[in-house]
Amino acid sequence: MKTWLSRFLRSTEKPYRILGIGGVHHDANAALIEDGKVIAIREEERFTRVKKQSGYPARAIASCLRERQLDLRDIDVIAVGSFSFSPGNFAGDLLHIMNNSKELEISKIRKKMIFVPHYFAHIASAAFLSPFTRSSVFFVEGGGDYLATVLAIVNETDIELCKVFRLRSSLGYLWLLICEYLGYRPNFDEGKVMALASYGEPKYLHLFQKISPVDNEGNFEIVVYDKNEIFRLFNEAGLSQRRKEFEDYPAKPYCDLAASLQKYTELVAIRLVRQLYQFDQRYGRRSEGLCITGGVGLNSVMNGMILSEGPYKKSFMLPMMGDNGTGVGAALFVYHCVLGRERLSPLVRFSPYSGELYNENKINEAILPNNVSYTMPKNLLDRITELISEGKIVGWFQGRSECGPRALGNRSILADSRAPDMKERLNVKVKHREMYRPFAPSVIVEKAQDFFEMDGEVPFMLRVVRVLEEKRKLIPAVTHFDGTARIQTVRREDNPVFYDLIVSFEKITGIPILLNTSFNVAGEPIVETPEDALKCFKATDIDVLVLGTKMIQKKM
Ligand SMILES: [Fe+2]
């Protein structure tokens, strides 16, 4: 009886709800967790349609609350992933949020707000969503709340900062500057610089070692910090600041500069990860794996090198490891480190598909005013793979959107990985982006090693690996010119529809790999709603659009 009663009382207990807010300076986002379980992660850019949207994430918060039909009174704590350059600026962040939160009842909110230092929000998101009970965390970014690089060990819910580096030890700052020097948007186009790097030689590595000397353990500090001074050093080496943003193939010296930065980044990163491993060795019990977090962690070439040459065999990296993950990180930090609640079972696997759900009604509402005709093929997956194998480009919209900047099979543009001209067609007709940027393959996890030099899995497209030499000619659309690929391995349990689509493609072609790129055009965020998908479909040369079970084809 007593057992029954306690079970009944437990079942009527309200879950403990934390709303996380982060990315006030860029990548604004919100997240809802209930009893430590992630219910929603929402990025403001998806709703405002402004990439890397900053400020107070009003629409992302509204979307989180909508998920459970809640209002702010139902929230127990609001956790804010802070972003300040000095501890005293917490007040500045608070003011910023309040000035932008007209619809919130400020007096009510104030009592519930907990500010979480920026690096703790990053570290908490990586470690607490990882499958590891004990993890080594490498946090690497531009900087926030005084720190730019941190080596940490997280054991259950205890976070130990083994080594912290202040803002003068910032790889993110160097990337930001080189972005600007190469004519790109700082804090925006770092991925383009990474792509350029593969075309160059690290001829200017010595300049980076002069700007920011590094010792054998990876400890580094920028001694030439002033932007103009740094640019002058490059100019003296025979370069000049590039002004042109869009150009198919920039001149070789610019590629060399990008390659030098990439090499420097890898040099620092591998040494720091080895140092982190040394910290871990001090304990009897070792970490189960390495977590990489912070904006520089989006450098999938660096990650590939760390994992192939570094001491850690297992790794975990979140798709939203930039500031777009600091909302959920702050919420998890409060739940585990402030409230002292236990971790969930390590068997609870993180799902990136944490966006809003658009059901058939919503899809119908989007289609209706557009006056387009659709079909609902019985064997939709077979029909789509048939079209892809004939060279058609498919806009693929299914279920909840994936968080982070990479398409993971729910908001994707899909194409034939075997087609030699596909990269050019996609770049010119759909994505409107630079020709030197590669496209990524999605492969079913069981077949990954048949095509790529790798072990384990890469579920979130955050690691570059080598394509097996004898397989490169089979998948030219997703093999970069240097023989590498930024892969996504797909497990059926994570995304059954996408997995089955790739299997269906394999049945027709013998290749278990699709080209997968984000469903958007250059400069825009990934599509969120069915309306966004239709708009992108109409504005580009995408041949076929799939919205759930409905298929729309452009008339030839
Ligand atoms: Fe950050």
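Residues numbered from 1 in each chain as written. Predicted model: local features only at pLDDT ≥ 70, side-chain atom pairs only at ≥ 80, totals over all residues. Heavy atoms only, no water.

(A) Molecular detail of the packing of helix H6 (residues 118-129) against helix H13 (residues 326-338). As a packed pair, H6 and H13 sit with axes 7 Å apart at the nearest point and diverge in direction by 80°. When the interaxial angle is binned, H6 and H13 end up roughly perpendicular. Contacts from His118, Phe120, Ala121, His122, Ala124, Ser125, Phe128 and Leu129 of H6 reach H13 at Thr326, Val328, Gly329, Ala330, Leu332, Phe333, His336 and Cys337. For the contact of H6 with H13, the class distribution of residues is ten nonpolar, six polar and no charged. (Axes fitted to C-alpha atoms, helices over the stretch in contact; angles between N-to-C directions. Helix = DSSP H or I, 4+ residues; strand = E, 2+ residues; numbered from the N terminus. Parallel < 35°, antiparallel > 145°, perpendicular 65-115°, else oblique. Contact = heavy atoms within 4.5 Å. Nonpolar A, V, L, I, M, F, W, Y, C, P; charged D, E, K, R; others polar.)

(B) Structural detail: the nonpolar core. Judged by nonpolar contacts, the single largest core of 104 residues is most densely connected at Phe138 and Phe234. In contact with Phe234, other than residues within four places in its own chain, are Ile178, Tyr181, Leu207, Phe208, Ile211, Leu239 and Leu257. Core analysis: the second largest hydrophobic core is formed by 59 residues, Met454, Val521, Ala533 and Val546 among them. (Core = buried A, V, L, I, M, F, W, Y, C linked by side-chain atoms within 4.5 Å. Buried < 20%, exposed > 50% of the residue type's maximum accessible area, 1.4 Å probe, protein only.)

(C) Region of the structure containing the packing of aromatic side chains. The final tally for this structure, using the stated rule, is 15 aromatic pairs. Aromatic side chains Tyr173 and Tyr225 sit 4.4 Å apart centroid to centroid with 10° between the ring planes, which places their arrangement in the stacked category. With a gap of 52 residues between them, Tyr173 in helix H7 (residues 171-181) and Tyr225 in the loop between helix H9 (205-211) and helix H10 (227-236) connect regions that are remote in the sequence. On the basis of relative accessible area, Tyr173 is assigned to the buried category, the value being 17%. Judged by its relative accessible area of 27%, Tyr225 falls in the partly exposed class. Taking 4.3 Å as the distance between ring centres and 10° as the angle between the ring planes, the aromatic pair formed by Tyr199 and Phe481 counts as stacked. (Phe/Tyr/Trp six-rings, centres within 6.5 Å; stacked < 30°, edge-to-face > 60°.)

(D) Summary view of the pattern of salt bridges. By the definition in use, this model includes 33 salt bridges. A salt bridge links Glu67 to Arg400; its shortest N-O distance comes to 3.0 Å. Of this pair, Glu67 sits in helix H3 (residues 58-67) while Arg400 is found in the loop between strand S11 (394-397) and strand S12 (411-416), placing the two residues 333 residues apart along the sequence. Among the salt bridges present, the one from Arg232 reaches Glu229, with a minimum N-O distance of 3.1 Å. With Arg232 and Glu229 both in helix H10 and three residues apart, this pair spans about one turn of that helix. Using a relative accessible area of 34% as the deciding quantity, one classes Glu229 as partly exposed. (Salt bridge = Lys/Arg side-chain N within 4 Å of Asp/Glu carboxyl O.)

(E) Region of the structure containing the environment of Gln69. One can find Gln69 in the loop between H3 and strand S4 (77-81). Taking the C-alpha atoms as reference points, Gln69 and Ile508, 439 residues apart in sequence, are found 44 Å from one another.

(F) Looking closely at the layout of surface pockets. Roughly 780 Å³ of volume is contained in the second largest pocket. Taken together, 30 residues form the lining of the second largest pocket, with Pro131, Phe132, Lys314, Ser315 and Glu457 sitting closest to its centre. Each residue belonging to the lining of the second largest pocket can be placed in one class, and the counts come to 16 nonpolar, five polar and nine charged. Counting only domains with at least three residues in the lining of the second largest pocket, you end up with domain 2 (131-317) and domain 3 (360-553). (1 Å grid on protein atoms, 1.4 Å probe; cavity = no way out; pocket = protein on both sides within 12 Å on 5 of 7 lines; lining within 4 Å. Points joined across faces, edges and corners; volume = space filled by probe spheres on them. Domains from an automatic or database assignment.)

(G) Broad picture of the coordination of the iron ion. Those protein atoms acting as donors to the iron ion are His118 (NE2), His122 (NE2), Glu141 (OE) and Asp323 (OD), and they sit at 1.9 to 2.2 Å. Classification of the site at the iron ion as irregular follows from its four donor atoms and the range of 90 to 138° in their angles at the metal. Read N to C, the donor residues that coordinate the iron ion are spaced as H-x3-H-x18-E-x181-D. With His122 in helix H6 and Glu141 in strand S6 (residues 134-144), this pair connects stretches of sequence that are 19 residues apart. (Donors = N, O, S within 2.8 Å, 3.2 Å for Na, K, Ca; no water. Tetrahedral: all angles 85-135°; square planar, octahedral: opposite > 155°, others 65-115°.)

(H) Main features of the sheet that holds strand S19 (residues 550-553). Here we have nine strands laid out as an open sheet, ordered S14-S15-S16-S13-S17-S12-S11-S18-S19, and mixed in their pairing. The two strands at the open ends of the sheet, each matched to only one other strand, are strand S14 (452-453) and S19. Taken together, the four bridges between strand S13 (residues 440-444) and strand S17 (residues 513-518) define a ladder with antiparallel strand orientation. Within S17, the residue paired with Ser442 across the bridge is Leu514. Its contacts with the sheet place helix H12 (residues 300-309) against strand S15 (463-467) and strand S16 (484-490), and it is angled at close to 70° to S15. (Pairing = 2+ DSSP bridges.)

On their own, these measurements won't tell you what the molecule is for.
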